[in-house]
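# What the coordinates show
Spelled out, the chains give:
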Amino acid sequence: MQFLSKTAIHTSGKGPSLIYRIPGIIVTARDTILTCCEGRSGQSDWSGEAIVSRRSEDGGLSWSEERCLVSGLGESVNNPVMIAGNDGLVHFLWQTRYRRTFYQRSLDDGRSFSPPREITRVFDTYRTRDGIRWNVYALGPGHGIQTGGGRLVQPVWISFGEGDSHGPAVVSSIYSEDNGETWQAGEVIPWDDRCPNMNETTAAELSDGRVLFNIRNHSPEFLRAVSVSPDGFSRFSPCRLDPALPDPICFGSLAAASIEGKHTLLFSNCGVRPCRENFYSRARRNLTVRLSRDDGETWPVSRRLEIGAGYSDMAVSRDGKWFYCYYEHDCSDILHSEPRHLTLAKFNLEWLED
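Everything quoted here is computed from the prediction, not taken from an experiment.

What counts and what doesn't
- Residues numbered from 1 in each chain as written.
- Predicted model: local features only at pLDDT ≥ 70, side-chain atom pairs only at ≥ 80, totals over all residues.
- Heavy atoms only, no water.
- Helix = DSSP H or I, 4+ residues; strand = E, 2+ residues; numbered from the N terminus.
- Rg over C-alpha atoms; globule rule 2.2 N^0.38 Å.
- Buried < 20%, exposed > 50% of the residue type's maximum accessible area, 1.4 Å probe, protein only.
- Contact = heavy atoms within 4.5 Å.
- Lys, Arg positive; Asp, Glu negative; His and termini not counted.
- Charge placed at Lys NZ, Arg CZ, Asp CG, Glu CD.
- Pairing = 2+ DSSP bridges.
- Axes fitted to C-alpha atoms, helices over the stretch in contact; angles between N-to-C directions.
- Core = buried A, V, L, I, M, F, W, Y, C linked by side-chain atoms within 4.5 Å.
- Salt bridge = Lys/Arg side-chain N within 4 Å of Asp/Glu carboxyl O.
- Phe/Tyr/Trp six-rings, centres within 6.5 Å; stacked < 30°, edge-to-face > 60°.
- Lys NZ or Arg CZ within 6 Å of the ring centre and 35° of its normal.
- Polar contact = N/O pair within 3.5 Å; in protein donor to acceptor, adjacent residues only side chain to side chain.

Another point: the overall build of the chain. If you tally the helices and strands in the chain, you get two helices and 24 strands. A compact globule built from 354 residues should have a C-alpha radius of gyration of about 20 Å, and the chain, at 18 Å, falls within 12% of that. If one aligns the C-alpha atoms of the chain with their principal axes, the spans along those axes are about 55 × 45 × 40 Å. Taken over 354 residues, the chain has a buried fraction of 60%. For the chain, long-range pairs separated by at least 24 residues make up 52% of all intrachain contacts whose partners lie at least 6 apart in sequence. Counting 39 positive and 45 negative side-chain charges, the chain places the centres of these two groups 2 Å from one another.

In structure tokens, the structure reads:
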């Protein structure tokens, strides 16, 4: 039987923060749902004043109160991402002013986190090794992954534009082989003029252990770019544009899970392709969820989840029966930086395949 429910997790103006943006979601090894997002004081990407989270232990039926994880630093806090550890750990990364990165972890299923530890030095590698004189960079956003072999992989983008500009940018990953104790810089996905200015990126492990990167970019075709790495940090394949994944230049999300015994990918984004028929509109609308059973080669199943939406992030219950999409909801076509809600949609395969 089809099932779909929607719950407003945060509502702008009805909490400590004026605006809530940049949703991230994971399902822990204990099947707990954890969300995180920025609490902002204004429209600007530099107005993040807090990172907040909510938690559900019953599949989204009930929720903890909003909890502030980071605040009071006197500078913007941005792009929180979590990684659900295979062993029950929860890894939490965030940054300030798009220039400093911090790492924390939870040993109790996201109820509490260790003190923050700065890991910004890992990004110096892109200067010394690759010659990228970055001014700003960012994590994800969304969530990172832990591979079946135990490696933590977090996509990042690195801008070498002037000042605080978010572009032009390239994509890489930071990764940890020791459960977050130390972090290393992955290789940079080579620049490709067919999909320039690659930035916000989501990743998922494929059925054979390779890692797929799905990348926002500024291609004139307005399509998502994809690249595959054997390990999540090196030997990235040449980028290709996926003709099945239109994008108005917005963040999208991947999640991998075993569904009905088969390795499956889910992808969510605003399924809009600017073209002559829509007057080349880049409005963030028509949030669409897609499903692939062949490691992203094709996306034969899709369904629109919301008309007015923006950024989204995907997760799947541990038994593969429930899908979660956490997204910016009720966004203006003109002012997408002020979503009215951050909403969690919970649905099943029957709903998606109808």
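Our focus in this paragraph is the sheet that holds strand 16 (residues 211-215). Taken together, four strands build an open sheet; the order of strands is 15-16-17-18 and the sheet is antiparallel. With one partner strand each, in any of the chains shown, strand 15 (201-205) and strand 18 (240-246) form the two edges of the open sheet. Strand-to-strand twist of the sheet, defined as the mean angle between neighbouring strand axes without regard to direction, takes the value 30 degrees. Two elements, strand 15 and strand 16, share five bridges in a ladder whose sense is antiparallel. Looking at strand 16, one finds that A203 is bridged to F213.

Further remarks concern the nonpolar core. Judged by nonpolar contacts, the single largest core of 20 residues is most densely connected at L266, L305, F323, F347 and L352. Of the residues forming this core, the biggest block, five residues, is contributed by strand 22 (residues 301-316). With 19 residues, the next largest nonpolar core counts I119, Y126, V156 and I158 among its residues.

For the rest of this paragraph, the subject is the sheet that holds strand 3 (residues 33-40). Read from one edge to the other, the open sheet built from four strands follows the order 2-3-4-5, with strand pairing classed as antiparallel. Among the strands making up the open sheet, the edge pair consists of strand 2 (19-27) and strand 5 (67-71). Taken pair by pair, the neighbouring strands of this sheet meet at an average axis angle of 25 degrees, ignoring direction. As paired strands, strand 2 and strand 3 are joined by seven bridges and run antiparallel to one another.

This part is about the pattern of salt bridges. Scanning the model with the defined rule gives 20 salt bridges in all. In this structure, the salt-bridge partner of D192 is R194, at a minimum N-O distance of 2.5 Å. Taking relative accessible area as the criterion, R194 reaches 48% and is therefore assigned partly exposed. Here D330 ties to R340 by a salt bridge, and the two come within 3.2 Å at their closest N and O atoms. Of this pair, D330 sits in the loop between strand 23 (323-329) and strand 24 (341-347) while R340 sits in the loop between strand 23 and strand 24, and the two are 10 residues apart along the sequence. Three or more residues joined by partner-sharing salt bridges are found here, namely R55, E57, D109 and R111.

On to the packing of aromatic side chains, then. For the structure on display, the rule yields 15 aromatic pairs. Their ring planes at 50 degrees and their centres at 6.0 Å tell us that F267 and W299 sit as a pair that is tilted. Linking F267 in strand 20 (residues 262-270) with W299 in the loop between strand 21 (285-292) and strand 22, this pair joins segments that are 32 residues apart in sequence. Each member of the pair, F267 together with W299, is buried. Taken together, the ring pairs in this structure connect F123, Y126, W134 and Y137 into an aromatic cluster. The ring of W322 has K346 lying over it, and the distance from NZ or CZ to the ring centre is 4.5 Å.

Another point: the environment of M198. Tracing the chain through its elements places M198 in the loop between strand 14 (184-185) and strand 15. Every residue in contact with M198, bar those within four places of it in the chain, is listed here: W157, A169, V170, V171, I189, P190, I215, R216, N217 and C239.

Geometrically, the link from G140 to P141 is a cis peptide bond, its omega value of 5 degrees lying close to zero. The phi angle at N179 is positive, at roughly 60 degrees, despite the residue not being glycine. Locating N179 in the fold gives a position in the loop between strand 13 (169-176) and strand 14.

This paragraph deals with the side chain of D231. Inspection of the secondary structure puts D231 in the loop between strand 17 (223-229) and strand 18. A residue is classified by how much of its surface remains accessible, and D231, at 9% relative accessible area, is buried. Here R235 takes part through its side chain, which lies 3.3 Å from a polar atom of the side chain of D231. Contact partners of D231, with chain neighbours within four places excluded, come to R151, V153 and V211.

With that out of the way, let us pick up the pairing of strand 17. Among the seven residues in strand 17, seven count as buried, and that is most of the element. Relative to strand 17, strand 16 runs antiparallel, the two being bridged by five bridges. If you follow V211 over to strand 17, its bridge partner there is S229. Pairing of strand 17 with strand 18 involves three bridges; the strand directions are antiparallel.

Scope: geometric values only; no functional claims are made or implied.
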